[in-house]
Amino acid sequence: MEGSSFHELPPSKRFKLRHLHEHSHRSEPYNLESLPAKKRLDSYHHYQHPQPVTFPCLPAKKRIWAPHPSFPIDLNSPPLSNDQLLEEKHSKLATEEEEEEEEAEEEEDDGVICAVCRSTDGDPVDPIVFCDGCDLMVHASCYGSPLINNIPEGDWFCSRCEQAAKEEEKDSGCCLCPVRGGATKPTEDGRWAHIVCALLVPEVFFRDPQGRDGIDCSRVPGRRWNRDCYLCGATGGCAIDCSEPKCKLGFHVSCGLERGLCFEYKERRGAAIVAGFCADHTELWKKQQSTGKFKIVARDDDRRGQKKA
């Protein structure tokens, strides 16, 4: 390095050249005492704990750290065909649907369901009340009296549990279907019947419609008692006729509800029209109902479609 050319350089470049010249002839670290006070600490850490040399090729904002995949990736494998992609997509959708169904079943199993309307909805105006004797769950409006008048703050027992506590246990099964348990109330002739069966058997009515008390089965035709139910095969109870005029099938209300058959219940002018369809005519009725051209009317010949309240 010639002195004349060196002294002609700017001061900053002269400092850098002298710095590099001294470092190239030294194997030991810099003399920290010759550096400014602010740079001594950084230089000390640099020599005591050297960092690995990296050569980033992207700007700092574009450096992305991607996680390692949990499965091996073969970059040499051929890409999936359209059929394979569709199959993989359908499989994924089927798995998601199964998971949703399982979640819905768990929610239904854990939920509170009214024994009359099979609904889980409840609100302060019409709550779902539990029987402290048999764990029956009913809406106040579905069960009727006494819940529609007052919701007890303490224990509440349904009519069947109250009757069992007063006298020896008698047969409290529904006289209209073979299903045991559920929300039942006494009939006028000393038997028991499900509230939902009393609602959907056309000739059965309540003496007290608002309180749903005093179930009267006296108007049920004799041919309907002990008729075969095409769903369960049992002959006990009262099987209703399919509302399709040419259909000769009969079934219990509880069996039809369990199988998802269609029932129509419409109140009008102090009475109600009830219709029920077998499995084949349930599908036909759903299609016809979507058009809006069909409706349920009472039969004028024997009034089988009308329920008096």
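In what follows, the structure referred to is the one given above.
Every chain begins its residue count from 1, and numbering advances along the sequence as written. Per-residue local features of the predicted model are confined to residues with pLDDT of at least 70, and side-chain atom pairs are confined, for both listing and counting, to 80 or more; whole-chain, interface and lining totals are unaffected and use all residues. Side-chain numbers come from the whole structure's heavy atoms, not from hydrogens or water.

A. Local environment of the environment of Arg223. Think of it this way: any DSSP run of H or I at least four residues long counts as a helix, any run of E at least two long counts as a strand, and we number them from the N terminus. Within the secondary structure, Arg223 is located in the loop between β6 (213-216) and β7 (240-241). Taking the C-alpha atoms as reference, Arg223 lies 9.4 Å from Ala239; in sequence the two are 16 residues apart. Reaching out from Arg223, the side chain makes a polar contact with the side chain of Asp241 at a distance of 3.0 Å. Counted as a polar contact is a pair of N or O atoms within 3.5 Å, where, for protein atoms, one must be capable of donating a hydrogen and the other of accepting one, and residues adjacent in sequence contribute only when both atoms are in side chains.

B. How the structure looks around the pattern of salt bridges. A pairing counts as a salt bridge when a side-chain nitrogen of Lys or Arg comes within 4 Å of a carboxyl oxygen of Asp or Glu. One pass over the full model with this rule turns up 6 salt bridges. One salt bridge connects Lys185 with Asp213, and the closest N-O pair in it is separated by 2.9 Å. Here Lys185 is found in strand β3 (residues 184-186), whereas its partner Asp213 is found in strand β6, with 28 residues between them in sequence. Residue classification places Lys185 among the buried positions, given a relative accessible area of 0%. A salt bridge links Asp216 to Arg207; the shortest N-O distance between them is 2.6 Å. Judged by its relative accessible area of 4%, Asp216 is buried. Any residue under 20% of the maximum accessible area for its type is buried, any over 50% is exposed, and the rest in between are partly exposed; the area is computed with a 1.4 Å probe on protein chains only.

C. Molecular detail of helix α6 (residues 159-166). Residues of α6 that are buried include every one of Ser159, Arg160 and Cys161, and no others. Pairs of residues are marked as contacts when any of their non-hydrogen atoms sit within 4.5 Å. Tucked inside the fold, the buried residues of α6 contact α5 (140-143), β3 and β4 (192-194).

D. Structural view of the environment of His252. Considering the arrangement of structural elements, one finds His252 in the loop between β8 (250-251) and α8 (253-258). Residue His252 is classed as buried on the basis of its relative accessible area, which comes to 0%. For the pair formed by His252 and Gly233, sequence separation is 19 residues and the distance between their alpha carbons is 10.0 Å. When residues no more than four places from it in sequence are discounted, the contact partners of His252 are Leu176, Cys177, Pro178, Cys229, Cys232, Ala234, Gly236, Gly237, Cys238 and Ala239. Within the structure, His252 has its side chain in polar contact with the backbone oxygen of Gly236 (distance 2.6 Å).

E. Seen up close, unusual backbone geometry. In this chain, Ser145 is followed by Pro146 through a cis amide linkage whose omega measures 5 degrees. Among the secondary structure elements, Pro146 is positioned in the loop between α5 and α6. You will see that Arg212, though not glycine, has its phi angle at about 55 degrees, which is positive. Relative to the assigned elements, Arg212 resides in the loop between β5 (205-208) and β6.

F. Inspection of the nonpolar core at higher detail. Ranked by internal contacts, the top residues of the largest apolar core, which has 48 residues, are Val116, Val138, Tyr143, Trp156, Leu176, Val204 and Phe251. Elements with a minimum of two residues in this core: α5, α7 (195-200), α8 and β10 (271-276). It is α7 that provides the largest number of residues to this core, a total of 6 residues. When neighbours within four sequence positions are excluded, Trp156 is seen to be in contact with Val129, Phe130, Cys131, Asp132, Val138, Tyr143, Pro146 and Leu147. Take the buried Ala, Val, Leu, Ile, Met, Phe, Trp, Tyr and Cys residues and link them wherever side-chain atoms come within 4.5 Å; each set so joined is a nonpolar core.

G. How the structure looks around the side chain of Glu264. Checked against the element boundaries, Glu264 lands in strand β9 (residues 263-268). For Glu264, a relative accessible area of 13% corresponds to the buried category. Separated by 3.2 Å, the side chains of Glu264 and Trp285 make a polar contact.

H. Structural view of the pairing of β5. The criterion for strand pairing is that DSSP finds at least two bridges linking the strands in question. Bridge count between β5 and β6: 3 bridges; the pairing is antiparallel. Paired with Phe206 across the bridge in β6 is Ile215. Between the end of β5 and the start of β6, which pair antiparallel, lie 4 residues, with Arg212 showing a positive phi angle near 55 degrees.

I. Looking closely at helix α9 (residues 279-291). When we look at burial in α9, the residues that qualify are His281, Thr282 and Trp285. Viewed end-on, α9 has its buried residues packed into an arc of 105 degrees, placing them on one side of the element. Within α9, the exposed residues directed more than 90 degrees away from the buried face are Asp280, Lys287 and Ser290. Arc, as used here, means the arc of the directions from the helix axis to the C-beta atoms.

J. A look at the packing of aromatic side chains. A pair of Phe, Tyr and Trp rings is counted when the ring centres sit within 6.5 Å of each other, with Trp represented by its six-membered ring. The angle between the planes then sorts it: under 30 degrees is stacked, over 60 is edge-to-face, the rest tilted. Within this structure, the stated rule accounts for 4 aromatic pairs. Consider the rings of Tyr230 and Phe251, whose centres lie 6.2 Å apart with planes at 75 degrees: the pair is edge-to-face. Separated by 21 residues along the polypeptide, Tyr230 in the loop between β6 and β7 and Phe251 in strand β8 bring together distant segments of the chain. Here Tyr230 falls in the partly exposed class, since its relative accessible area comes to 33%. Of the residues examined, Phe251 reaches a relative accessible area of 0% and is grouped as buried.

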